[in-house]
Amino acid sequence: MAFQRIGILSIGEMGYHWAKILTSRGIEVLTYAKDRSETTRKRAENVGVKCVPSTATLIKDADLIVSIVVPSAAKRVATKVAKAAAKSGRRNLLYLDANAISPMTADEIGKILQPSGINFVDGCIIGSATKMDKGAVVYVSGPQAARIQELESYGFSVRVLGSTVAQASAFKVVYAGLTKGLQGLFVELLMGARRFGLLDEILKRYEESFPGLLDKVTSSIVGLRIHAARRAEEMDELKRTFGHHGMKAFMAPAVQKVLQSIAELDVGKASDTGAREGDLLETLELFFKKGLLQQEQKQSSSTEQIHAAG
Ligand SMILES: NC(=O)c1ccc[n+]([C@@H]2O[C@H](COP(=O)([O-])OP(=O)(O)OC[C@H]3O[C@@H](n4cnc5c(N)ncnc54)[C@H](OP(=O)(O)O)[C@@H]3O)[C@@H](O)[C@H]2O)c1
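The structure presented is a predicted model; accordingly, all values stated were derived computationally and were not measured.

Student: Outline the site of the ligand, listing residues and values.
Tutor: Taken together, 26 residues sit near the ligand, with Gly12, Met14, Ser37, Asn99 and Ala100 positioned nearest. Of all the secondary-structure elements, those providing two or more residues to the shell around the ligand are α1 (13-24), α2 (38-46), α4 (74-88) and α8 (213-244). In terms of residue count, α1 provides more of the shell around the ligand than any other element does, three residues in total. Residues belonging to the shell around the ligand are distributed by class as follows: 13 nonpolar, nine polar and four charged. Lining the shell around the ligand are residues from two domains, each supplying at least three of them: domain 1 (5-163) and domain 2 (170-304).

Below is the structure:
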């Protein structure tokens, strides 16, 4: 049965683009946003999402609930939905967690939802919010995962990874390590190049040595202006996942620190249309001027010999 009404918690950048696609295909999208920021409420309004008065109404009316929040809020959202479902007696609600959470968190969410009879699908999204109907993929796992393939009729790409909850989260955690790792590495090195007055030259050299590589993460680097904190959380999830399985991650904590340093600059302003502002050079200049990675900088003799540009 096709979904008629889909509840999205919440209408952040990703939620906005889901809602845009779904509403354009005639699906009613619902959210509960009374406890959210003005930006989130405005985004919902701009994209034609119906803001219902309570989580209970959301549970009652939706065929599917999609959780797309910051990873640290994923359990809280599941708990709220489970409580509302238990109270209302609504059974067999389908719930997709599409957040970049660790497989352990996915398992915990499964346990939170199970007593309320909610059918939990673990999921993750690979690709940018603006490409949800142009190449981004929703990966899903769990016994009910195939039901999410219904979203394909609205322009989404959905791939079932397996019948075990946590497979999709594990997949995302390992994938995110690469994309966030590249972002962190590029930003760190490009701050250095900017400090040495070599930015244009190194960008040219990177392109000659690795054609297209920086291009692939440029939009994500620009997106760090607003998403660095959330992406730093993802690196924490990666570190915890490895730790849980008796492995030690060295790269993830380092990337987490770079992303956290960007978040601390507090330069982001989430837009209420879900659009990203700025280009790569402008973003790097903004980070540099705000002192990214420079606070503890020691004036070593080698760097003193190189004059900073500007
Ligand atoms: N953006 C992308 O291109 C992209 C790509 C792949 C995967 N993802 C995944 O999609 C998810 C969302 O990312 P995003 O970029 O949309 O983040 P975002 O723009 O920061 O939006 C997060 C949304 O979650 C809401 N929220 C935060 N805490 C909440 C809570 N306790 N209860 C309910 N809502 C809450 C926020 O509301 P407030 O405004 O009130 O804080 C905001 O509307 C993440 O798990 C991310 O890994 C995103």
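Structure shown, so let's carry the discussion forward.
Student: Explain α2 to me, using residue names and the numbers behind them.
Tutor: Listed in full, the buried residues belonging to α2 are Thr40, Arg43 and Ala44. Burial along α2 is one-sided: seen end-on, the buried residues are contained in an arc of 100°. Summarising the contacts, the buried residues of α2 are in contact with α1, β2 (28-31) and β3 (50-51). Positive backbone phi, approximately 75°, marks glycine 48, located one or two places after α2.

Student: Outline unusual backbone geometry, listing residues and values.
Tutor: Among all residues save glycine, negative phi is the norm, and among peptide bonds the norm is trans. Cis peptide bonds are those with omega within 30 degrees of zero, and the linkage from leucine 9 to serine 10 qualifies with 5°. Inspection of the secondary structure puts serine 10 in the loop between β1 (5-9) and α1. Phi angles above zero are rare outside glycine, and asparagine 92 is one such case at about 60°. In this structure, asparagine 92 sits in the loop between α4 and β5 (94-97). Phi at alanine 166 is positive, roughly 95°, even though this residue is not glycine. Within the secondary structure layout, alanine 166 lies in the loop between β8 (157-162) and α6 (167-195). With 23 C-beta atoms counted inside 10 Å, the residue alanine 166 sits in the buried group.

Basis of the calculations
- Residues numbered from 1 in each chain as written.
- Predicted model: local features only at pLDDT ≥ 70, side-chain atom pairs only at ≥ 80, totals over all residues.
- Near = placed C-beta within 6 Å.
- Helix = DSSP H or I, 4+ residues; strand = E, 2+ residues; numbered from the N terminus.
- Nonpolar A, V, L, I, M, F, W, Y, C, P; charged D, E, K, R; others polar.
- Domains from an automatic or database assignment.
- Buried ≥ 20, exposed ≤ 12 C-beta atoms within 10 Å, placed from the backbone.
- Arc of directions from axis to C-beta.
- Contact = placed C-beta atoms within 7 Å.

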